[in-house]
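Spelled out from the first residue to the last, the chains are:
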Amino acid sequence: MGYKIAVVGATGNVGREMLNILSERAFPVDEIAALASRRSLGSEVSFGDTTLKTQDLATFDFAGWDIALFAVGSDATKDQAPRAAKAGCVVIDNSSLYRYDPDVPLIVPEINADAIEGYSKKNIIANPNCSTAQMVVALKPLHDRTRIKRVVVSTYQSVSGAGKDGIDELWDQTKSIYNPTDDKPATTFTKQIAFNVIPHIGGFMEDGSTQEEWKMVAETKKIVDPSIKVTATCVRVPVFVGHSEAINIEFEDFLDEEEARDILREAPGVMVIDKREDGGYVSPTECVGDFATFISRIRQDSTIDNGLNLWCVSDNLRKGAALNAVQIAELLGSRFLKKG
Ligand code: 2RA
C-alpha cells in the first residue's frame, strides 16, 4: 500500500526535481498527479520511467489524496494550499508563505524532525528557504556540541534559485556577450548576471537587508535555536545550479577544527570533503544532482576566542527544496500516515 501524492507546480525547476526524487528514493506511490497552472495544462513531465500529463491545479479535487508537495509561488499557494489541507491532503509547501506561521512546522528532517508533531493544526508543513536548509544541516550538529552564539554567512546563490527564467537569462546573456544580437534578454535580475555578481535577492527591508537575508535569520532561529544571532549577505552568482556559503561561527566555548570536522563527518546529510591541497574542497558544479550538503575549508577563526570558518555547498533544487520536501513526506509517512 502506498500514497496518493500530488506535485503542485510540476513543470517548474523544483516540481520536476520533486518527481525525480520521489522516483529515485522509491517513495511508496500508489497514484501520482502532476498539477500545474492552466497555461501549462497538458504539458508532459517525467516520473521515473513514466510520463505524466499535467492536470489543472485550479480544478483538481484533493479529497482522498494523502500528500501534496507544493512548488509554486506564494500567491498560488495562498489560493490552493488551504483548499488541499481542508480536503484532508497534507500540504508540504516550498514557498515562504507559511514558514513563519507559529502553527506551521518548518522542518529539516535531519535537524528538527520532532517539530513535525504540530502539522495537524493546519495540515500544512513548511519547507525552508534553500539557503537556510543547507546551512542548518551544518550548524545543528556543531550547536549540539557547543552552543552557537553568532553566525556570519555570505551566500553565492545560483540562478536556478530564481526559477527557469533565471537559468534562461544567464544562458542567453552569456551567449549574447560572445555573439551580440538585437534580442533583448529577459531581466529576471536587476543587473547583468553573466560574468557578474549581484548582492540582492528578494526585496529590501527597512534595515537595508534583503528578504533572502531576513529569511536566513528567521528560519535558522525557528529550526535550530532562537538565541542564535545570524547576519547574512545573500549574493546571486553566475552559476546554474548549486548554492555555496562561506559561514563564520562563534561558539560559546572553544571547538577545535579537528573535532568539528569529526562531528560533521558523522552528521546526517553531510559529506565532508576537506583537504588543504589543490581541489581538496567542493565547488558548486560538483554538487549538482547529489543529495548531500558538502562541507569544506573547515578552519579555526583565530580573530575571536571560539571561532570557526567553513564552506558549505549543496544542490539548491535538491536539499534546498525538492529533496527536503520529499524527506518531510517520508518522515510524515513513517510517523503519522502509516500505510499497509
Ligand atoms: C533564491 N532562495 O535562491 C531563493 C528562492 N529559491 O532565489
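Given the structure is predicted, the values throughout are model-derived calculations rather than measurements. (Residues numbered from 1 in each chain as written. Predicted model: local features only at pLDDT ≥ 70, side-chain atom pairs only at ≥ 80, totals over all residues. Heavy atoms only, no water.)

Some thoughts on the pairing of strand E14 (residues 307-314)
Cut-off, in case you're wondering: The buried label applies to any residue whose accessible area, calculated with a 1.4 Å probe on protein chains only, is under 20% of its type's maximum; exposed applies above 50%, and partly exposed to all values in between. The helix count covers DSSP runs of H or I at least four residues long, the strand count covers runs of E at least two residues long, and both are numbered beginning at the N terminus. The pairing criterion is simple: DSSP has to find at least two bridges between the two strands.
Burial within E14 is extensive, with seven of its eight residues counted as buried. Relative to E14, strand E11 (residues 243-251) is paired through eight bridges, and the arrangement is antiparallel. The residue bridging Ile247 from the neighbouring strand is Leu310, located in E14. Note: strand E13 (residues 293-301) against E14, seven bridges, orientation antiparallel. Across the sheet, residue Ile295 finds its bridge partner in E14, namely Cys312. Joining the antiparallel neighbours E13 and E14 is a turn of five residues.

Focus: the sheet that holds E13
Where we set the bar: Comment: axis = line fitted to C-alpha atoms, over the contacting stretch for helices; angle = value between 0 and 180 degrees taken between N-to-C directions. Working rule for contacts: check all heavy atoms of both residues, and any pair within 4.5 Å makes them a contact.
Read across the sheet, six strands follow the order E10-E9-E11-E14-E13-E12 without closing on themselves; strand pairing throughout is mixed. A single partner strand is all that each edge strand has here, and the edge strands are strand E10 (229-236) and strand E12 (270-272). On average, each strand axis in the sheet is tilted by 25° relative to the strand beside it, whichever way the strands run. Against the sheet, helix H4 (residues 130-145) touches strand E9 (148-157), E10, E11, E12, E13 and E14, its axis set at about 35° to E11. On top of the sheet, helix H7 (residues 257-266) reaches E12, E13 and E14; it is set at about 165° to E13, its chief contact.

A short note on helix H6 (residues 211-223)
In plain terms, the rule: A helix's residues, less one, multiplied by 1.5 Å, set its expected span. As used here, the arc is the angular range of directions from the helix axis to the C-beta atoms.
Over its 13 residues, H6 runs 18 Å from end to end, which matches the ideal 18 Å to within 8%, given 1.5 Å per residue. Among all positions of H6, only Glu212, Glu213, Lys215, Met216, Glu219, Thr220 and Ile223 are buried. Seen from one end, H6 has its buried residues packed into an arc of 155°, which puts them on one side. Taken together, the buried residues of H6 touch helix H3 (109-112), H4, E9, E10 and E11.

Remarks on the pairing of strand E7 (residues 90-93)
How we decide: Convention used here: a crossover is right-handed provided that the path from the first strand, over the helix, to the second strand proceeds clockwise when the strands point away from the viewer.
Of the two faces of E7, both are covered, the one formed by Val90 and Ile92 as well as the one formed by Val91 and Asp93. With four bridges connecting them, strand E6 (residues 67-70) and E7 associate as parallel partners. Across the sheet, Ile67 pairs through a bridge with Val90, a residue of E7. For the crossover from E6 across helix H2 (residues 74-86) to E7, the handedness is right-handed. When E7 meets strand E8 (residues 124-126), the two strands line up parallel, connected through three bridges. Each bridged residue has a counterpart across the sheet, and for Ile92 the counterpart in E8 is Ile125.

Some details on the domain arrangement of the chain
As a measure of interface size, the accessible area lost when the parts come together is often cited. Put simply, the test is: Domain borders in the structure are assigned automatically or taken from a domain database. A 1.4 Å probe defines the accessible area here, and the buried area is the portion of it lost by two parts on being joined, summed over both. Within this document, salt bridges are pairs made up of a side-chain nitrogen of Lys or Arg and a carboxyl oxygen of Asp or Glu, the two lying within 4 Å of each other. Polar contact is defined as a pair of N or O atoms within 3.5 Å, subject to the rule that within protein one atom must be able to donate a hydrogen and the other to accept it, and that residues adjacent in sequence are counted only when both atoms are side-chain atoms.
Split into domains, the chain comes out as domain 1 (3-128 + 321-335) and domain 2 (131-316). Taking only C-alpha atoms into account, the centre of domain 1 sits 25 Å from that of domain 2. Listed by partner, the interface residues are 18 residues for domain 1 and 20 residues for domain 2. Taken as a group, Asn13, Tyr100 and Ile111 account for 37% of the area that domain 1 buries against domain 2, more than any other trio of residues on that side. Our count for the contact surface shared by domain 1 and domain 2 stands at one salt bridge. For Arg99, the salt bridge is made with Glu219, and the minimal N-O distance between the two is 3.2 Å. One can count six residue pairs in polar contact (both at pLDDT 80 or more) joining domain 1 with domain 2. Elements supplying a minimum of two residues to the side of domain 1 that touches domain 2: helix H1 (13-24), H3 and helix H8 (318-335).

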